[in-house]
Amino acid sequence: MNPINHVAIIMDGNGRGGLKNKKSRNAGHRAGLNTVESIIKETLKYNIKYLTLYTFSTENWKRPKKEILFLFNLLESFLTNKLDELIRNGIRLKIIGEKKMFSKKLKNLLKKAEKKTSINKKLQINLALNYGSKNEIINSLKIINSLKKKITQKNIEKNLYTKNIPDPDLLIRTGNTKRLSNF
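Worth saying up front: this structure is predicted, and the values here are computed from it rather than measured. Every chain is numbered on its own, with residues counted from 1 as its sequence reads. Reporting of local features is limited, given that this is a predicted model, to residues whose pLDDT is at least 70; pairs of side-chain atoms are given and counted only at 80 or more, and all residues count toward the totals for whole chains, interfaces and linings. Derived side-chain values reflect all non-hydrogen atoms in the structure, with water molecules and hydrogen atoms excluded from consideration.

Trainee: For this particular structure, what's the right way to read the packing of aromatic side chains?
Mentor: Between two aromatic rings, the relevant description is the distance of the centres plus the angle of the planes. Stacked, tilted and edge-to-face are the three classes assigned to paired rings of Phe, Tyr and Trp, where Trp is represented by its six-membered ring and a pair needs centres within 6.5 Å; plane angles under 30 degrees give stacked, over 60 edge-to-face, the rest tilted. Counted under the stated rule, the structure contains seven aromatic pairs. Each ring, one from Phe56 and one from Trp61, has its centre 5.0 Å from the other, and the planes form 80°; the classification is edge-to-face. With relative accessibility at 2%, the residue Phe56 sits in the buried group. When the ring of Phe72 is compared with that of Phe102, the centres are 5.1 Å apart and the planes differ by 65°; the resulting orientation is edge-to-face. You can see Phe72 sitting in helix 3 (residues 65–88) and its partner Phe102 sitting in the loop between strand 3 (91–96) and helix 4 (104–117), a full 30 residues away along the chain. Accessibility classification places Phe72 together with Phe102 in one group, the buried group. Grouped by ring-pair contacts, the aromatic residues Phe56, Trp61, Phe72 and Phe102 constitute a single cluster. Here the term buried applies to any residue with accessible area under 20% of the maximum for its type, exposed to any over 50%, and partly exposed to those in between, with areas from a 1.4 Å probe on protein chains only. Under the DSSP-based scheme used, a helix requires at least four consecutive residues in state H or I and a strand at least two consecutive residues in state E, with every element numbered from the N terminus.

This is the structure we're talking about:
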C-alpha cells in the first residue's frame, strides 16, 4: 500500500516561468496545465487517493484582468475537453473555495463537473479556486453563526471547504519545487 494518501501542490511560478523562458505569462500558465496532466497520471499510477491543486487564490484577483480571463478560459477549456477522461479514469473533482465571483458559465461548468464525477473513487482532485485559508475559516464561522451553534473546533472543521479531506502527506510548491512539509 502506498504510504502517501494526499499530495497538495501550490501552483506558483508558472507565469514567471513563461517570462523567464522569453515567452508570455500565459504561455507559462499553459505549460503549467500540461504539468498538471502529468501529475494526475502519476498520482493515478501510484494510487494516491487525494490530489489538491491550489490554482487560484483569493489574492490572485489582483492580477491583470486579461491574465485572469486567460486562466479561467484555460480552466473552462480543460474541463470541457477532459471531463469524459476524468470520468473514465475514476477521478472525482471537488472545488474548494468561494465560487460566487466566477462567471455564470464557469460556475455551471464546475457544478456539472463535480456532479458528473461525484461517484468516482479512484482519485479525488480538490481544485482550490478563489481559495484562501483565512476566507475558509471566516466562511465556516459565518455558517456556524447562521445556525446559532457554538464556536468549537469540531463545528469549525465541520463547515470548512476541506471537510472530509485528509491533511496532505506531502505539500509541494511549484516555482521553486521546495517541499513545504513531508510525510
